[in-house]
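Breakdown of the fold
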Amino acid sequence: MTTTTLNHDEAHHHDMPTGWRRWLFSTNHKDIGTLYLLFALTMLFLGGASAMLIRLELFQPGIQLLDPDLYNNLVTNHALIMIFGAVMPAAAGLANWMIPMMIGAPDMALPRMNNLSFWILPAAATMLILSFVVPFFPGGGTQINTGWTLYPPLSVQVGMSMDFLIFAIHLLGISSVLASINIIVTLLNMRAPGMTLMTMPMFCWTWLVTAFLLILVVPVLAGGVTMLLFDRHFGTSFFDAAGGGDPVLFQHLFWFFGHPEVYILLLPSIGVLSHVIPAFSRKPLFGYKSMVGAMLTVATIGMVVWAHHQYTIGMSLGAVTYFMIGTILISIPVGLMIFNFIATMWRGAMTFETPMLFAVAIVLMFTFGGLSGVMLAVVPADMQYHDSMFVVAHFHYVLMPGAVFGLFAGVFYWLPKWTGHMYDETLGKIFFWTNVIGFNITFFPQHFLGLAGMPRRIVDYNMMFTEFNVISSIGAIIFGLSHLLLLYIVIKTIRGGKKAESRAWEGAKGLEWELDSPPAFHTWTVAPQIK
Amino acid sequence: MRIPRHQTPALRNKNVRLAWVLGGMAIFFLVTSFPFWTGLFRIVGTQAMP
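Residues numbered from 1 in each chain as written. Chains lettered and ligands numbered in written order. Predicted model: local features only at pLDDT ≥ 70, side-chain atom pairs only at ≥ 80, totals over all residues.

1. Here's the deal with the overall build of chain B
Helix and strand content of chain B: 2 helices and 0 strands. By residue count, 16% of the 50 residues in chain B fall in the buried class. (Helix = DSSP H or I, 4+ residues; strand = E, 2+ residues; numbered from the N terminus. Buried ≥ 20, exposed ≤ 12 C-beta atoms within 10 Å, placed from the backbone.)

Structure follows, in structure tokens:
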């Protein structure tokens, strides 16, 4: 891709608002991207604190710190905060910052809606946190002990905190759908002249697919929790067998959202890798078209295999066979993406700066998580693994490397562009190694715990599981504390450091690297011409 | 409706039109991809019977 007209220097700061108004009323994609990323970082620490409490409780058998309901409330909150509060907003932050700069657009297509999408999030987070806090007050009712899946009848029976949670999910859903609409409109209508869909940067493609997935599945979750609300307060029996309803219906509605949600979390990180690996291999991405095809295939098949989360509910043999085969089929396009990344690295002039270290770790560890996913897809095997710590190990190996490490790679890759300063590479590498080693010490032993029969979402466990739980908890302490280093690196980079060039990385390609580091408040006010 | 400075009226209309189509799609999935309204009407109908 070659640019012939670069009029970005026309951008000036003369109309940049200042003070709190700049952030509260912002319609600037870079500012809103920053807000998303700061929000996600805050929630990462909140969700991480709940994870640390969970692991401290499980450090020894017996009940140490938390009563069983509080433990399960923490499990519920940890998942919801990490998924809806940390990973999705972080990916949206990257999208806001990078998509307009990558496609040569001056801003998002619907800037005021962009502001609304973000500012719904703090309100939703408040409701989410209140759902955790309310039971501590007199008359606050019982703790939410359902896990993030919110299955009835338990979710119908728990106290008023569930209503806060349902409202939080509604708000989060509205925010996600509005942000998705904005991203799709931006990508379809605002590309620079000459940039076709098939020459669009891969990060943009991953977000296009992600945004469509969000619009298709989030409303179904909204419908499911609305029905739950009706069952709780308005005398309906959608999920109450005694009234002619069916609790399994909720499971179908939830997982129709929940399984594509996995790809919603993964795909933006795949997009990041599609830029990081070519940049640090000094080669173009191998198989652009096949990557796009694989992504579309993953999204399509991913929409119709949700019930592999529900093998144990007693479906017909035909149904479980269909869901099993469909699920295993997904490994083909996902494998193709991984092979494309390896082929991109093959015989490249590779260097291993922090973003690339995370990228290589993702290729290795996400593949490992994918392999345990194939094990879980097999119905007779899943009957044994179901609701065990093996599942916890599996989805953390998929989502930590697949989603979170990808976001870390993106943050380190684009931080020089955003701040105008290079981050401290030594500290970045220390963060990488402590993070990855801590992660593996935490979650690898959980495979053995699950295979030995330790159930998930249980506050206490048999003495025979002690050793692996001690190892896992020590790993969690290393893993959790390592994130303080991330915070330090980010703050240090914002405050100063070696000046970043426009093209901060030697092998980096794309329109965003034609702009200054940091870019002006308004960029691409005149669209670049793409040849 | 105020038009963002970086968009022409034609582009703004095109953007808003597509946004409404996508919003409509989300609402369509909300109300038809599960038996919410059917169930609600059935329950309301049942409760209305003497």
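Once you've had a look at it, read on.
2. A look at the overall build of chain A
Looking only at helices and strands, chain A features 15 helices and 0 strands. Expressed as lengths along the three principal axes of its C-alpha atoms, the size of chain A is roughly 70 × 50 × 45 Å. In chain A, buried positions account for 54% of the 531 residues. Partitioning the contacts of chain A with sequence separation of at least 6, the portion at a separation of at least 24 is 83%. (Contact = placed C-beta atoms within 7 Å.)

3. Considering the packing of helix α2 (residues 29-57) of chain A against helix α15 (residues 466-495) of chain A
All names here are of chain A. The interhelical angle for the contact between α2 and α15, taken along N-to-C directions, is 160 degrees, at an axis separation of 9 Å. The orientation of α2 with respect to α15, classified from their angle, is roughly antiparallel. Remark: the crossing between α2 and α15 carries left-handed chirality. The segment α2 lies against α15, with Leu-44, Phe-45, Gly-48, Ala-51, Met-52, Arg-55 and Leu-56 engaging Ser-472, Ser-473, Ala-476, Gly-480 and His-483. (Axes fitted to C-alpha atoms, helices over the stretch in contact; angles between N-to-C directions. Parallel < 35°, antiparallel > 145°, perpendicular 65-115°, else oblique. Left-handed = near helix turned anticlockwise from the far one by under 90°.)

4. Here's the deal with the interface of chain B and chain A
The interface is formed by 18 residues belonging to chain B together with 24 residues belonging to chain A. For the side of chain B that touches chain A, the secondary-structure elements that each account for two or more residues are α1 (9-32) and α2 (36-48) of chain B. Sort the elements by how many residues they give to the side of chain B that touches chain A and α1(B) lands first, with 11 residues. In terms of residue class, the side of chain B that touches chain A is built from 12 nonpolar, 5 polar and 1 charged. (Nonpolar A, V, L, I, M, F, W, Y, C, P; charged D, E, K, R; others polar.)

5. Focus: helix α9 (residues 288-302) of chain A
All names here are of chain A. Taking 1.5 Å per residue, 15 residues should reach 21 Å; α9 reaches 21 Å between its end C-alpha atoms and fits that length. Considered for burial, the residues of α9 that qualify are Met-291, Ala-294, Met-295, Val-298, Ala-299 and Gly-302. Buried residues of α9 fall within an arc of 130 degrees about the axis and therefore sit on the same side. Those residues of α9 hidden inside the fold are in contact with α7 (202-233), α8 (247-281) and α10 (317-345). (Expected span 1.5 Å × (residues − 1). Arc of directions from axis to C-beta.)

6. A word on unusual backbone geometry
Residues and elements named next belong to chain A. Residue Pro-152 is joined to Pro-153 through a cis peptide bond whose omega torsion reads 10 degrees. Secondary-structure assignment places Pro-153 in the loop between α4 (111-133) and α5 (154-157). At the junction of Ser-517 and Pro-518, the peptide bond is cis and its omega measures out at -5 degrees in the coordinates. Within the secondary structure, Pro-518 is located in the segment after α15. The phi angle at Arg-282 is positive, at roughly 55 degrees, despite the residue not being glycine. Along the polypeptide, Arg-282 turns up in the loop between α8 and α9.

7. A look at the nonpolar core
Residues and elements named next belong to chain A. Counting residues in each nonpolar core, the largest one holds 181 residues, and the members touching the most others are Val-87, Cys-204, Val-276 and Ala-409. For this core, the element with the highest residue contribution is helix α3 (residues 68-103), accounting for 22 residues. Each residue touching Cys-204, except ones within four places of it in the same chain, is listed here: Ile-99, Met-102, Ile-103 and Leu-187. (Core = buried A, V, L, I, M, F, W, Y, C linked by C-beta atoms within 7 Å.)

8. Comments concerning the environment of A:Ala393
Residue and element names in this part refer to chain A. Of note, Ala-393 is situated in helix α13 (residues 389-419). Classification of Ala-393 as buried rests on a count of 26 C-beta atoms within 10 Å. Those residues in contact with Ala-393 that lie beyond four places of it in its chain are Phe-443, Gln-446, His-447 and Gly-450.

9. Describing the environment of A:Ser274
All names here are of chain A. As for its position among the elements, Ser-274 is in helix α8. Taking the C-alpha atoms as reference points, Ser-274 and Ile-81, separated by 193 residues in sequence, lie 27 Å from one another. Once you skip the residues sitting within four places of it in the chain, Ser-274 turns out to touch Met-202, Phe-203, Leu-285 and Met-291.

10. Side note on the confidence of the model for chain B
Atom-level detail of predicted coordinates should not be read off regions where pLDDT is low. Residues at a pLDDT of 70 or more form 54% of chain B, whose mean pLDDT is 75. In the predicted assembly, ipTM is 0.87 and pTM is 0.93. (pLDDT = per-residue confidence, 0-100.)

11. A look at the environment of A:Thr367
Relative to the helices and strands, A:Thr367 is located in helix α11 (residues 354-377). Put simply, A:Thr367 and A:Val334 are 33 residues apart on the chain and 9.1 Å apart in space, counted from C-alpha to C-alpha.

12. A short note on α15(A)
Residues and elements named next belong to chain A. Here α15 spans 45 Å end to end across 30 residues, near enough to the 44 Å set by a 1.5 Å rise per residue. Among the residues of α15, those classed as buried are Phe-468, Asn-469, Ser-472, Ser-473, Gly-475, Ala-476, Phe-479, Leu-486, Ile-489 and Thr-493. Of the surrounding elements, those touching the buried residues of α15 are α2, α13 and α14 (425-451).

13. Topic: the packing of α11(A) against α13(A)
Residues and elements named next belong to chain A. Here α11 crosses α13 at 160 degrees, and the two axes come no closer than 8 Å. In terms of orientation, α11 lies roughly antiparallel with respect to α13. Our pair here, α11 against α13, has a crossing hand that is left-handed. Grouping the amino acids of the contact of α11 with α13 by side-chain chemistry returns 18 nonpolar, 8 polar and no charged.

14. Remarks on the confidence of the model for chain A
Overall, the predicted model of chain A reaches an average pLDDT of 93, with 97% of residues at or above 70. The model gives residues 1-12 of chain A a pLDDT under 50, and that stretch makes 26 contacts with residues more than four places away or in other chains.

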